Amino acid sequence: MPIETLGPVLIANRGEIARRIIRTVKQMGLRAIAVHSEADTGLPFVREADEAVLLGPADPTRSYLDAGKVLQAARATGARAIHPGYGFLAENAAFAQAVVDAGLVWIGPAPEAIARMGDKINARNLMEAAGVPVAAGTREPVTDLDLALKAAYEIGFPVMVKTAGGGGGIGMSVAHDEEGLVKAYEQAARAAARFAGAAGGEGDAPAGPAILLERFIERARHVEVQILGLPDGRVVALGERDCSVQRRHQKVVEESPSPGITPELRESMLAAAVRAGETVGYLGAGTVECLVDTDRQDFVFLEMNTRLQVEHPVTELVTGLDLVELQLRVAAGESPEVRSATSGHAIEFRVYAEDPKRFFPGPGKITAWREPAGEGVRVDSGYAEGDMVTPFYDPLMAKLCVHAASRAEALAKARRAVAEFAVEGPKNNLPFCAELLDNPEFGSGDYDTGLVGRMRA
């Protein structure tokens, strides 16, 4: 279809990602429609949209996660397409199917691909069959503690215990022995129950919580590959991102290219990611996440995110591409020629309203907000001075990104940008970002997912 017939586009999200999508939608000459909760009425993304629809109260289950209300907003505004952003309904296969059934364009992969890759066990088995390396682990859902103990001894301690569904590191923990496994299993089971409820029920769920166990890699890097599936059947890899700086298994800083892998390993990962995308007939932007064993210099498949990632700006900076524009063009049926080469080095810092030592959320009113600027500095923000960061949603306020010719230059630019970024009111993690930039291990590029834990030990 001609790109102009794709709009109006409804953005089923909030904050910085809604604002970022609105920008590209409007640049392409399309109308952008925002949806929002009562708590978000005054935020920038609502003001910047061509039209905004109130979904309901602050509680996300009664606003952003209410698929019926989102579809009703689309019908009421004459939207022709829905972009889900990330989080909320972005990887909800039932919602994606409902969008398609309503005669609207879903700006994302096919609902079938979301469903196949949304279950980590199914995805793992599918990738193994396709020849993508996977870690030793369970091939069926582990639904009780006895099965978990048996599987752990077959795999060998330590093991990573996690839910078969969901994402963002929720419910993940490492078990080094039987006692640790009991605690890890109970934590994952609680997370699985929450995820099943948020996903809209347990109609086809197993009798117990669906848990996955895998071999735990002691010194691992978390590296992911950005892919783009095109309507003509091609799947293109657009470089990788290193996401190893994490707290509570959740990403804080990402960079591209990864400073910790060899060119040979990079090529193997990119090829495996393309193979993964081709296996599920992937369409649009997606990410193949991997764990790299730093001692053995090999990798295994972790999961596939069937959506736009929080950290997509680093890929945009090193490729010069607009991934949201590409998502829209692919949704319209176009197969643009995409340059996969990368240039320079980019780093993203997630700026959270949280305690910089313990990383607990610290919502509050923003009394001062001054963003850094300059060549090679990009800020994707969801807030401005005077806005309230509420406790109802993820505390991400902004993403500070830098791009330079080399990693050393990018680090220097980041130090200046972090020092210039001023946020007053809510607690924020900018002091942590400054601390990280002075950390010799991070500075060397030779770090792993245990870095933040060592910094806080």
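What you see is a predicted model, and the numbers here were worked out from it, not measured in a lab. Along every chain, residues carry numbers that run from 1 in the direction the sequence is written. For a predicted model such as this one, the threshold for reporting local features is a pLDDT of at least 70, and the threshold for listing and counting side-chain atom pairs is 80 or more; totals across whole chains, interfaces and linings nevertheless cover every residue. The basis for every side-chain value is the complete set of heavy atoms in the structure, and neither hydrogens nor water enter the calculation.

Visitor: Please provide a residue-by-residue account of the sheet that holds strand β9 (residues 220–229), values included.
Guide: The pairing criterion is simple: DSSP has to find at least two bridges between the two strands. Working definition: helices are DSSP H or I runs of at least four residues, strands are E runs of at least two. Numbering for both runs from the N terminus. Spatially, the 8 strands line up as an open sheet ordered β13-β12-β9-β10-β11-β14-β19-β17, and their pairing is antiparallel. The open sheet has two edge strands, β13 (298–305) and β17 (377–381), and neither has a second partner. When the angles between neighbouring strand axes are averaged without regard to direction, this sheet yields 25 degrees. Relative to β13, strand β12 (residues 284–293) is paired through 7 bridges, and the arrangement is antiparallel. To define axes, lines are fitted to C-alpha atoms, for helices over the stretch in contact only, and angles between the resulting N-to-C directions are given on a 0 to 180 degree scale.

Visitor: Lay out the packing of aromatic side chains with the relevant residues and their values.
Guide: Each Phe, Tyr or Trp ring, with Trp reduced to its six-membered ring, pairs with another whose centre is within 6.5 Å; inter-plane angles below 30 degrees give stacked pairs, above 60 give edge-to-face pairs, and intermediate values give tilted ones. Inspection of the entire model under this criterion finds 9 aromatic pairs. Plain terms: the ring middles of F88 and Y393 are 6.5 Å apart, the flat faces sit at 85 degrees to each other, and that makes the pair edge-to-face. One end of the pair, F88, is in the loop between β4 (81–83) and α4 (93–101); the other, Y393, is in the loop between β18 (388–389) and β19 (396–404), with 305 residues separating them in the sequence. According to the relative accessible area criterion, F88 is partly exposed, its value standing at 27%. Ring plane angle 85 degrees and centroid distance 5.7 Å describe the contact between F95 and W106, whose orientation is recorded as edge-to-face. Of this pair, F95 sits in helix α4 while W106 sits in strand β5 (residues 105–106), and the two are 11 residues apart along the sequence. Assigned by exposure class, F95 and W106 land together as buried. The side chain of R247 reaches across the aromatic face of Y352, ending 4.5 Å from its centre. Only protein chains enter the accessibility calculation, which uses a 1.4 Å probe. A residue is then buried if its area is under 20% of the maximum for its type, exposed if over 50%, and partly exposed in between. Placement of a positive charge over a ring is assigned whenever Lys NZ or Arg CZ falls within 6 Å of the ring centre and within 35 degrees of the normal to the ring plane.

Visitor: I'd like a description of the packing of helix α1 (residues 15–27) against helix α11 (residues 323–331), backed by residues and values.
Guide: As a packed pair, α1 and α11 sit with axes 9 Å apart at the nearest point and diverge in direction by 60 degrees. Comparing the axis directions of α1 and α11 gives the class oblique. Viewed along their axes, α1 and α11 form a crossing whose handedness is right-handed. Between α1 and α11, the residues in contact are R20, I21, T24 and V25 and L323, V324, E325 and L328, respectively. Should an angle fall under 35 degrees it is taken as roughly parallel, and over 145 as roughly antiparallel, whereas 65 to 115 is taken as roughly perpendicular and any remaining angle as oblique. Crossing handedness is defined as follows: a turn of the near helix away from the far one that is anticlockwise and smaller than a right angle gives a left-handed crossing, while the clockwise case is right-handed. We call two residues contacting when some pair of their heavy atoms lies within 4.5 Å.

Visitor: Explain the nonpolar core to me, and be specific about the residues and the numbers.
Guide: Note on terminology: a nonpolar core comprises buried Ala, Val, Leu, Ile, Met, Phe, Trp, Tyr and Cys residues joined through side-chain atoms within 4.5 Å. The biggest cluster of nonpolar side chains holds 97 residues, and the ones touching the most others in it are L10, I82 and V245. No other element matches β19, which puts 6 residues into this core. Setting aside its immediate chain neighbours within four residues, V245 contacts Q250, K251, V252, V253, F432, L436, F442, Y447, L451 and V452. Listed in part, the 27 residues of the second largest apolar core include A123, L265, Y282 and F299.

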